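# A closer look at the structure
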Amino acid sequence: MDSATTLTSLIILLPLLGFLVNGLWGLSSKSFRQRKSLIGSIANLTVFIPFAIAVYFFMNMGQNAEPIIAELFTWIEVGSFSVDIAYQIDQLSILMTLVVTGVGFLIHMYSIGYMWHDEGYWKFFAYLNLFIFAMLNLVLADNLLLLFLGWEGVGLCSYLLIGFWYTDMANSAAGSKAFWYNRVGDFAFLVAMFLTFQHVGSLDFDNILSSLDAIPADDKFWIGLLVFIGATGKSAQIPLFVWLPDAMAGPTSVSALIHAATMVTSGIYLISRLSPMFVMSPEVMMIIAVIGALTAIVAATIALTQNDIKRVLAYSTVSQLGYMFLALGSGAFTAAMFHVVTHAFFKALLFLGSGSVIHAMEHVEHDLQEEGKDVHFDPQDMRFMGGLKEYMPSTYKTFLIATIAIAGIPPLAGFFSKDEILAFTFNAGMGEFAGSLYIFLWVIGIITAFLTAFYMFRLTFGTFNGSFKLPEKISEAAGAEKHLHESPKSMTIPLWTLGGLSVVGGFLGVPNFLLSTFTHQEEHINLLHNWLYNVTADYELALSHSIEWILMTVSIIVAVGGVYIAYRMYGSGATEESDAKLSDRFGALYETWSEKYNLDEFYEGIVVHPIVRGSEKGLAKFDMKIVDGVVNTVGGVVRLFGSVFRYIQTGVTSSYALALVLGVILVLSMLIL
Amino acid sequence: MISIDWFLALSALLFCIGIIGVLIRKNAIVIFMCVELMLNAVNLSLISFSSHYGNIDGQILVFFSLAVAAAEAVVGLAIIIAIFRNNLSVDINKVSLLRW
């Protein structure tokens, strides 16, 4: 094995090792479970070392470097079908690996403090490592089947982690829900794999992308569509997004990991990986863009009405993922990956910050109960918060940075990536295929950008500005603010690191026109574009500089406008009064939003209920009569024969021996005579 | 030299004694011994023919049957001991637990 293969297998195997050590040792030894610093260190190291290796690969890889293929062994070989456990390190996968292990490591570190008092500490870290292992398989795989292994692996881990506090039925249900909705998408993905294999005869990305001509245009459309449906499951797009907000039931660091940095972005990664195939079917691209834009705006409007801080963030994630799909559908794969990266920074930060807030609120509740006061409230409900910025300065500052970044205020991370997505959507609108539709999608994108700035600042102001509302709401909780305190260092260090990344992350992809306007040089200076140039098949950006300037100005005005209005309404921390005003203004529309478009009820009525009823009426009967019937008939025939032949059995050995001798004599006499 | 007929006659006699033993005795161990007797009767005729025709094959077959008989005796005795532990008897006619 050469050194690259060894290092690659280390990246993959270390998290697995961490999972095995913490999981098996924790399972077998009670005293080990108490050694929390050891457990935390193992889990953190097994993610940090892969990160360091990924950095090493990244440093040594040029933008034109050939992909490194690390073949470990042949996994499946049947006839002409052969799949290896092989990993591919190229510009795209190393970018994802850096995000997964880097942000993943920060979240691991944060979890040390956040989960310290949890009984299942060892189990939590074992699952977390397994998750990283699966995710690394997903992003590093060099073929579709191995990717699918990781794809299912993260599905399993999300189920385990969302339902981590499994003694609460609601949490278990949320875990199952995530699992089932993902299965729907996975089925489509599987069919896409079969179709691909039928035409190409191989599942390696290399072979698929080099023999795209072998796939008829019709099937390219279907493969693209099916892969996309798979991606809608994992990346929580319409119509399969309803699992993600419920998935907030897990510990907050899980939400940060799954819902910001890793699992939900795997759909975007997959489509970027197969981008040369997608650009060949503009219809699929259009469908992706439409679904993405719709998801973005639908989730953004729901986010306006939520009071649970983690739910606001969850809908915000869905909305931002919609943005990424809008980018994919507009042929801006690099921009989509760019947004994946920046979003990983600020969304992980937002989730971890909210975790810090929830942590503090839970302590308040706990301390009040220690004092003998019977105070119960939802520690995630922002209506009980307000004024937290004095008590939790680090959390407040980092949360504010992330909010500015996601709102799209220059020059923080979210601005450049979001602006590039909008520019490419507009660019696709100038194209020949479905131009006016893309312009319409661009308008949706702009409206969503406004809503994003608005609801995110509503959240920040409601949580941190004004006065602490708990004592006002519950009279028994008077003086509760003295229990508020900042989170421990192990939690604030990741916050500040992610805060720094959220500030500078955007400079990865400063658009070309911005610099060329000042330097009058037409060179391509966009780092991320140059980096991914050989891997993804982006559309050409054919807009003139003046149009790009106008587009950028529009998005700045929109974002600032959103922030300003949010400040006017929520700046004083008057969340509920202003929500009431909004509700008055929009009436039935607001009702729909806060009812989440009744999508859950819709699925319940249209899909779940008929299936359950059908199973009870039809399938249960089929099972009892037909399936059990066949099995019982086979058994019955055997019993029938038995009931006849058992009378021959006397159980007396001598008579058997006599029969044997007589038989031999008979045979011999027949032979002789 | 004694003619082969005498050997074959002895072999047939031993074999018949073995069969009768197996058929009429109730003690499992005796039955077992009778089976061995039958086996050795056959071995005797094999060796006789082998020596008569000057062909070594028959003697090699005897080695095989001896080896197999030894293995069989191990298993058989183990079963008989197990039966004895359960029934405190090796009467073969009492082992009919699984009969209808």
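Everything below is about the structure shown above.
Structure report, in brief. (Residues numbered from 1 in each chain as written. Chains lettered and ligands numbered in written order. Predicted model: local features only at pLDDT ≥ 70, side-chain atom pairs only at ≥ 80, totals over all residues. Heavy atoms only, no water.)

## Notes on the overall build of chain B
Basically, it comes down to this: Strands are runs of DSSP state E lasting at least two residues, helices are runs of H or I lasting at least four, and both sets are numbered from the N terminus onward. Only the C-alpha atoms count toward the radius of gyration. The rule for a globule is 2.2 Å times the residue count to the power 0.38. Relative accessible area decides the class of each residue, using a 1.4 Å probe on protein chains only: under 20% of the type maximum gives buried, over 50% gives exposed, and in between gives partly exposed. We call two residues in contact whenever any of their non-hydrogen atoms come within 4.5 Å of each other. Areas reported here follow the Shrake-Rupley algorithm with a probe of radius 1.4 Å; residue values treat only the protein chains shown as occluding. Counting rule for charge: Lys and Arg are taken as positive, Asp and Glu as negative, and neither His nor the chain ends is counted. Here the site of a charge means atom NZ of a Lys, CZ of an Arg, CG of an Asp or CD of a Glu.
Along the backbone of chain B there are three helices and zero strands. Its helices and strands taken in sequence order, chain B reads α-α-α from the N to the C terminus. Over its C-alpha atoms chain B spans a radius of gyration of 17 Å, topping by over 25% the 13 Å that the globule rule assigns to 100 residues. C-alpha atoms of chain B, sized along the principal axes, occupy 50 × 25 × 25 Å. Each of the 100 residues in chain B was classed as buried or not, and the buried ones make up 29%. Sequence separation of at least 24 residues holds for 56% of the intrachain contacts in chain B that already meet a minimum separation of 6. Here chain B has roughly 7,000 Å² of accessible surface; of this, 74% comes from carbon and sulfur atoms. Side-chain charges of chain B comprise 5 positive and 5 negative groups, with the mean position of each set lying 23 Å from the other.

## With respect to the side chain of A:Lys347
Residue and element names in this part refer to chain A. Just so we agree on the cut-off: Only one rule defines a salt bridge in this text: a Lys or Arg side-chain nitrogen within 4 Å of an Asp or Glu carboxyl oxygen. Two N or O atoms form a polar contact when they lie within 3.5 Å of each other; inside protein one atom must be a possible hydrogen donor and the other a possible acceptor, and for residues adjacent in sequence the pair counts only when both atoms belong to side chains.
With respect to the helices, strands and loops of the structure, Lys347 is situated in helix α16 (residues 333-370). Buried charge without a salt bridge: Lys347, with Asp308 as the nearest opposite-charge side chain at an N-O distance of 13 Å. At 2.8 Å, the side chain of Lys347 forms a polar contact with the side chain of Ser316. If near-sequence neighbours (up to four positions away) are discounted, Lys347 is found in contact with His259, Ala260, Leu313, Ser316, Thr317, Gln320 and Ile406.

## Concerning a negative patch on the surface
All names here are of chain A. Threshold: Patch membership is restricted to residues that have no salt bridge and whose relative accessible area is over 30%. Joining uses 9 Å for like charges and 5 Å for the nonpolar side chains Val, Leu, Ile, Met, Phe, Trp and Tyr.
A cluster of acidic residues, Glu591, Glu595, Glu601 and Glu604, forms a negative patch at the surface. Topologically, Glu591 is positioned in helix α26 (residues 588-594). By relative accessible area, Glu591 is classed as partly exposed at 46%.

## Points about a positive patch on the surface
A grouping of A:Arg613, A:Lys617, A:Lys621 and A:Lys625 is seen on the molecular surface, where their side chains present a positively charged patch. Assignment of secondary structure puts A:Lys621 in helix α27 (residues 599-645).

## A few points about the interface of chain B and chain A
Applicable threshold: In this description, buried area is defined as the sum, over both parts, of the accessible area (probe of 1.4 Å) that is lost when the two are combined.
Taken residue by residue, the interface counts 10 residues in chain B and 11 residues in chain A. Of the roughly 870 Å² buried between chain B and chain A on both sides combined, carbon and sulfur atoms contribute 65%. At the junction of chain B and chain A, the tally comes to zero salt bridges. At the boundary of chain B with chain A, the tally comes to zero residue pairs in polar contact (both at pLDDT 80 or more).

## Things to note about the nonpolar core
Keep this limit in mind: To form a nonpolar core, buried Ala, Val, Leu, Ile, Met, Phe, Trp, Tyr and Cys residues must be joined to one another through side-chain atoms within 4.5 Å.
Residues A:Leu147, A:Phe241, A:Trp243, A:Ile268, A:Ile271, A:Phe278 and A:Leu470 are the most contacted members of the largest nonpolar core, which totals 221 residues. If you tally residues by element for this core, the top one is α16(A), at 21 residues. Non-local contacts of A:Ile271, meaning those with residues more than four positions away in its chain, are made with A:Val227, A:Phe228, A:Ala231, A:Phe278, A:Ile288, A:Phe325, A:Leu328 and A:Phe333. The next biggest cluster of nonpolar side chains, apart from the first, holds 15 residues, and it includes B:Ile19, B:Ala28, B:Phe32 and B:Val90.

## Structural notes on helix α14 (residues 282-305) of chain A
Here is the rule: A helix is expected to span 1.5 Å for every residue after the first.
For α14(A), built from 24 residues, the straight-helix expectation of 34 Å at 1.5 Å per residue is met to within 8% by its first-to-last C-alpha distance of 36 Å. Burial analysis of α14(A) places 18 of its 24 residues in the buried class, which makes it a mostly covered element.

## Some thoughts on the packing of aromatic side chains
All names here are of chain A. Under the convention used in this document: Only the six-membered ring of Trp is used, alongside the rings of Phe and Tyr, when aromatic pairs are assigned; centres must lie within 6.5 Å, and planes under 30 degrees apart are stacked while those over 60 apart are edge-to-face, with the rest tilted. For a ring to carry a charge above it, either NZ of a lysine or CZ of an arginine must fall within 6 Å of the ring centroid while also lying within 35 degrees of the normal to the ring plane.
Going through the model one piece at a time under the given rule, you end up with 35 aromatic pairs over all chains. Seen from their ring centres, Phe454 and Tyr570 are 5.9 Å apart, and the 65° between their planes marks the pair as edge-to-face. Linking Phe454 in helix α19 (residues 435-464) with Tyr570 in helix α24 (residues 545-570), this pair joins segments that are 116 residues apart in sequence. Classification of Tyr570 as buried rests on a relative accessible area of 0%. In this structure an aromatic cluster arises from ring pairing among Trp116, Tyr121, Phe124, Phe125, Tyr127, Phe164 and Trp165. A cation sits over an aromatic face here: Lys123 above Phe164, 5.6 Å from the ring centre.

## Some words on the pairing of strand β1 (residues 68-78) of chain A
Residue and element names in this part refer to chain A. The test is simple: Whether two strands pair comes down to DSSP finding at least two bridges between them.
Summarising the sheet, β1 and strand β2 (residues 81-89) pair through nine bridges and their orientation is antiparallel. Pairing of Phe73 across the sheet is with Ile85, part of β2. In this structure, the hairpin formed by β1 and β2 is closed by a connection of two residues, where Gly79 is found at a positive phi of approximately 60°.

## Focus: helix α21 (residues 489-504) of chain A
Side chains that are three or four residues apart share a direction in an α-helix, a result of its 3.6 residues per turn. Residues and elements named next belong to chain A. For clarity, the threshold we go by: The arc refers to the directions leading from the helix axis to the C-beta atoms.
Taking 1.5 Å per residue as the helical rise, α21 with its 16 residues ought to reach 22 Å, and the 23 Å between its terminal C-alpha atoms agrees with that figure. Listing the buried residues of α21 in full gives Met491, Thr492, Pro494, Leu495, Leu498, Gly499 and Ser502. For α21, the angular spread of the buried residues around the axis is 160°, confining them to a single face.

## Overview of the pattern of salt bridges
Residues and elements named next belong to chain A. Overall, the coordinates contain 11 salt bridges over all chains when judged by the stated rule. Salt-bridge contacts for Glu371 lead to Lys482; the nearest nitrogen and oxygen are separated by 3.9 Å. Placement of Glu371 in the loop between α16 and α17 (393-407) and of Lys482 in the loop between α20 (470-473) and α21 is noted, with a sequence separation of 111 residues between them. Judged by its relative accessible area of 38%, Glu371 falls in the partly exposed class. Through salt bridges that share partners, Lys177, Asp246, Arg311 and Asp600 make up one connected network.

## Things to note about the environment of A:Ile404
Residues and elements named next belong to chain A. Mapped onto the fold, Ile404 is located in helix α17. Counting along the chain gives 155 residues from Ile404 to Ala559, while the straight-line C-alpha distance between them is 9.5 Å. Filtering out sequence-adjacent residues up to four positions away, Ile404 remains in contact with Ile409, Leu412 and Phe457.

By themselves, these are just geometric observations and shouldn't be taken as functional.
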